[in-house]
Each structure stands twice: as structure tokens, then as C-alpha cells.
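Observations on the model geometry
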Amino acid sequence: MHPPGFVKAKFALCRRVRLASQVCFGTVPGVGSHRERMASRSKDIVIVGGSVIGCATAYYLTQLGALDGRRIVVVEKDPSFATCSTARSAGGVRQQFSTPENILMSQVMIDLLRSLKDRFGPDADVGFQEQGYLILASRDGVDVLRSNVQTQRAHGADVHLLDPEALSERFPWLSTEGVACGSFGASGEGWIDPVSLTTLFRTAARAAGVEYLADTVTGFEVIGQSVAAVTLASGSRLSAGAVVNAAGPSAGAIAALAGIRLPVEPRKRYVYVIDCRAAPEALRQAPLTIDSSGVWFRPEGQLFITGVSPDEAHEPPAVDLDEIDYGLFEEEVWPRLAARVPVFESIKVVNAWAGFYDYNTLDQNAIIGPHPEIRNFYFANGFSGHGLQQSAAAGRAVAELIVLGEFQTLDLSRFGYERIAEGRPLRELNVI
């Protein structure tokens, strides 16, 4: 499998979906008391969702010995991955967040990327392009960006605040008109091939004994304060010692089957593939760059990909991923792109695709951990576009809760469901 930068982006999406389908499915025939956890060891762990979060959770469960005396079953409704958010991701990995937990979660991913071959074998490769992130701020955004950089550096991120002169010197292709400063991640940031990472998690989990079912969850049998079983469209019934909601954009609907309100919904995002033959080599080595307007771009081989997240008033309907809004590119993306990178005045759109964010409408931060009342129902949801880069930390955290009864390597308590129930947002300020 070729990493990003070696495969033309106009074919990248269909390649991701095709490969994900080929490797995913074969034919497969709350934290309670210690006593409660031990009692659940004879029952299945059911993971709803077979993309990167579900596969990472399954993998880390095997690393913690969860297969001892019980099954781990991953249920995925769409083994073709036609609408899979992971395969349609831009693949970004960054430490430039405002929430300390998000910074630390991304560092878990960076550690994993630097030890892939030790963990998954000598052929493991996800095409990590460590070209950094560059986030630009206007005068109005200086204080927030400076505060974010201070938080990031305090947690070990190699991020630097650059003034316009330093930006022009380092990135000669960049127009700094209207830019007050920028934050640049000099290491530990870039992008990866999302399907390659998912495949590594999935292959390792299956080799350890995890089962993958191509089926649709239709309900949960809730008895008292726990889910006793998961029912499937095929008519099958899976006993459940623990259930993990890793259903991505469908997480809210899955939670509702258990009578749980979860403010996670699909949000449609467009990615446009552009060709700029006049682009200098320095631009082809650019970081993933985010303008103060929200428009972003990054290199993809000899091409570039770009997009923007709309404001709330202009969210497109979360339907029909085959329908692309080229008007958004013409009216919003291209003018801002060309203003920031003048050589982009002469470009050609060669392809485009759309995907769904699993968007947490409360605060755009992840929801991780058990439900406070249905205590064996675990959330790994609401990443709001950050799921790929946080998959290792989230999967490991949920696995620790199920097997060990507590967070051990990274305390993600602030991401628990309690804040959802109380309507108490923990806002992430750097959502792209």
C-alpha cells in the first residue's frame, strides 16, 4: 500500500474504500465494582463500529488480556466502507489543541507512529508525512493562538509562535497580509494514510482472536443498570458483558437504542483535490496550513487537497456523500486560498469527495467512558474530526476501563458522559 504523497489524490478515496472493504470482513460463523467486572468476564464484549476507533479498542483489549474467557465481537454495518469517516478523512495528526487531554491523546498517536514496526511488524507503514501544521491568526485571534501555544508547549509539543516576518522567511509561498502570527508544529505533526492505520489495528486484533461481524445493531436488552445483550438485524443475539459505542457519525442513533441521549450527529465536510502546476517545490513540502478564515490545505503527492468547515448557519444536509457542493469551493474556498497562497490563483479542481464528522454538538470534544447509569455501556464518540489521530489513546482508554476498571495511562475523566448529562461543555477551540 502506497502512503499519501505517492498516490494521486484523485484516486485516493476510492482506493481507501476498496482496500478497507478487502481487509475488513471475512465470514465469521461503568465502571462498577470489582465483583461486577469479574462477573462480566464470561460474557462478550461487543464493539459497535468497525472503523478506526472500534478496531483500536479491539486491539488494545487484546493487549490487556480481555480475550481470556470471553469473546470480543466487532459489529460493522457497512463492510464496504462506502460512508466510512475514516476512509474519507484527510488523515491529519496534530498536537495543536486548546484542551490538554487532546494534546496528550495526539502524543499517544505520535508515540505509536514512531514504534509501528516494533508493535505491528517490519512491514508496518502508514505513510506518516511529518510536515507539520501551520495555524494562522488575524489580529482578533492572536490572544487565543498565543494561549493555545503556551498550553501546547507546557505539555511537550514542539510548537512555535511565529510573527509575519518569520512566517515569510520560513514559508516564502505564503502571503502574510492580514496575518498577525502563526503557530507551527515543527515535529510530531502531519498526516497519515487512515486506512493503513485501521488495517494494522484490525489485522492485529483478528490475529489475536477478535471476531468481526458484518451486521447491523437493532437494539439492546437493558436489564437493571446494564446491557445484557445486543440484537442484530440478522436475528442474532450477542450476550454483553460490555458494549462499546464506536459508531462514529451514527453514535447518537446507536445510543438512542439503549434509551441514552448522546449529542453526536453526522456533519458533512467536503474535500477538494486541486492541481497547481506552477506550485514551487517548497509549497509541495508545506505543512497542513489553516488560514484564519478556516480554509485549509495540504500537499497530496503532486496535488493538493483543501476544504473549510462551514459555520452553523450554513451546515449542509448530512446526506448523500456523492453530492458535492462545488459552489462552496468557488465562492468560499478558492478566493481565500488564492489570497493566502498567490500561486493558487491558477489551479484546477480535479476531484472532490465528502465525508461525515462525528460531531459533538455540545462542545466538539470526545465523549469517552461509561454511562453513569447503564454502567457497562461505554462511549468512544464525538471526536468532531479528530477521531483518527485520537484513536490509539481512545481505544486504549476504553480498554483500560473495561479490563482494569480505571484509566491507567492517561486520565480522560473530563471527557466522561457526566458533562453531557449536566450540559456542561468542555470546549475545544481548535476545531478544523
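These lines cover the structure that appears in this document, whether it is placed above or below. (Residues numbered from 1 in each chain as written. Predicted model: local features only at pLDDT ≥ 70, side-chain atom pairs only at ≥ 80, totals over all residues. Heavy atoms only, no water.)

This part covers the sheet that holds strand 19 (residues 377-381). With mixed pairing, the six strands of this open sheet are ordered in space as 8-2-1-12-19-18. Two strands bound the open sheet, and with one partner strand each, they are strand 8 (211-214) and strand 18 (367-370). If you compare each strand with its neighbour and ignore which way they point, the axes differ by 20° on average. Where strand 2 (residues 72-76) and strand 8 come together, four bridges link them in parallel fashion. Within strand 8, the residue paired with Val 73 across the bridge is Glu 211. Those strands touched by helix 3 (residues 52-63) are strand 1 (45-48), strand 2, strand 8, strand 12 (242-245) and strand 19, and its axis lies near 160° from that of strand 1. (Pairing = 2+ DSSP bridges. Helix = DSSP H or I, 4+ residues; strand = E, 2+ residues; numbered from the N terminus. Axes fitted to C-alpha atoms, helices over the stretch in contact; angles between N-to-C directions. Contact = heavy atoms within 4.5 Å.)

Spatial strand order, 9-10-11: three strands in an open sheet with antiparallel pairing. Where the open sheet ends on each side, the last strands, each with one partner, are strand 9 (217-223) and strand 11 (237-239). Strand-to-strand twist of the sheet, defined as the mean angle between neighbouring strand axes without regard to direction, takes the value 25°.

Side-chain alternation along strand 12 places Ala 242 and Val 244 on one buried face and Val 243 and Asn 245 on a second face that is also buried. With three bridges joining them, strand 12 and strand 19 adopt parallel strand pairing. Residue pairing across strands places Asn 245 opposite Phe 379, the latter belonging to strand 19. (Buried < 20%, exposed > 50% of the residue type's maximum accessible area, 1.4 Å probe, protein only.)

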